[in-house]
Amino acid sequence: MGNSQTSPGNLAVPSRAYLVAKRGVDVVAAAVGLAVLSPVFGALGAWIKVDSPGPVFFRQWRIGKDGTEFRIYKFRTMRTDAPKDTPTHLLTDPNRHVTASGRFLRATSLDELPQLVNVLLGQMSLVGPRPALWNQDDLIAARERVGANGVRPGLTGWAQINGRDELPISVKADLDGYYVRHMSWRTDLRCLLATLTSVARGEGYVEGGTGTLGIPEQAPEDEAARAETSR
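To keep things clear, this report deals only with the structure shown in the data block. Keep in mind that this is a model prediction, so the values were computed, not measured.

### A few points about the environment of Gly150
- As for its position among the elements, Gly150 is in the loop between helix 5 (137–146) and strand 6 (154–156).
- Looking at Gly150, the relative accessible area reads 32%, which means it is partly exposed.
- Distance in space between the C-alpha atoms of Gly150 and Gly67 is 7.9 Å, their sequence separation being 83 residues.
- Excluding its chain neighbours within four sequence positions, the residues that come into contact with Gly150 are Lys65 and Asp66.

Here you go:
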């Protein structure tokens, strides 16, 4: 049996059973992850404190499901004098603001681990579109066009495993829309497994960059599938 239903407007809508179960998995996985990874949190926190003055954690306003705002948690990867609420790719010289520990954390995505707290609080899911900054109007508008603002943002998602920082904003949004139209256990599992592989290989991370793949600004629906298979 599939995990989605079709509405009169031909928009795939995830079944209630799937959404309830997905939330249950999120809660259990986040709770277990926080407990098991607590020694890692301690070690990374100590490194961050020794590396540069300032707090261990970084909080920032992000856009969640249906446009609600929430504070996202991350390990701090930049110096405290870095510009606030500015997407990294808009900084003139992002490397100047990133700490030594931050470069490692960002390249390995370990800076995202504290977002397990956001998952536990129900603000995020394990899989979904990455949460946009409150002032990323272009990304928010593009996601609204494809219906991707109506689901919980995720630790990882379809766009993350198909290019991550290397994709233009509009292509990221189209990939997020593809995920929303194909939400299922199979899609979620593919995202999680591909994320582990991608992080292990260091794929898709570009410090301060976006759109470096040179993919056209408009991607048809089937481009999502082609991007995944050609990755």
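### Let's talk about the nonpolar core
- Trp158, Leu175 and Tyr179 are the most contacted members of the largest nonpolar core, which has 24 residues in total.
- Where this core is concerned, the elements lending two or more residues are helix 1 (16–36), strand 4 (69–75), helix 4 (115–120), strand 5 (125–127), helix 6 (169–181) and helix 7 (185–201).
- If you look at the next biggest cluster of nonpolar residues, it comprises 7 residues, including Leu44, Ile48, Phe75 and Leu105.

### Comments concerning helix 6
- With 13 residues, helix 6 extends 19 Å between its outermost C-alpha atoms, agreeing within 8% with the 18 Å of an ideal straight helix rising 1.5 Å per residue.
- Most of helix 6 sits out of view: 12 of its 13 residues are buried.
- Those residues of helix 6 that sit buried are Ile169, Ser170, Val171, Lys172, Ala173, Asp174, Leu175, Asp176, Gly177, Tyr178, Tyr179 and Val180.

Quick notes on the rules
- Residues numbered from 1 in each chain as written.
- Predicted model: local features only at pLDDT ≥ 70, side-chain atom pairs only at ≥ 80, totals over all residues.
- Heavy atoms only, no water.
- Helix = DSSP H or I, 4+ residues; strand = E, 2+ residues; numbered from the N terminus.
- Buried < 20%, exposed > 50% of the residue type's maximum accessible area, 1.4 Å probe, protein only.
- Contact = heavy atoms within 4.5 Å.
- Core = buried A, V, L, I, M, F, W, Y, C linked by side-chain atoms within 4.5 Å.
- Expected span 1.5 Å × (residues − 1).

Note that every value here comes from positions in space, so none of it alone points to a role or purpose.
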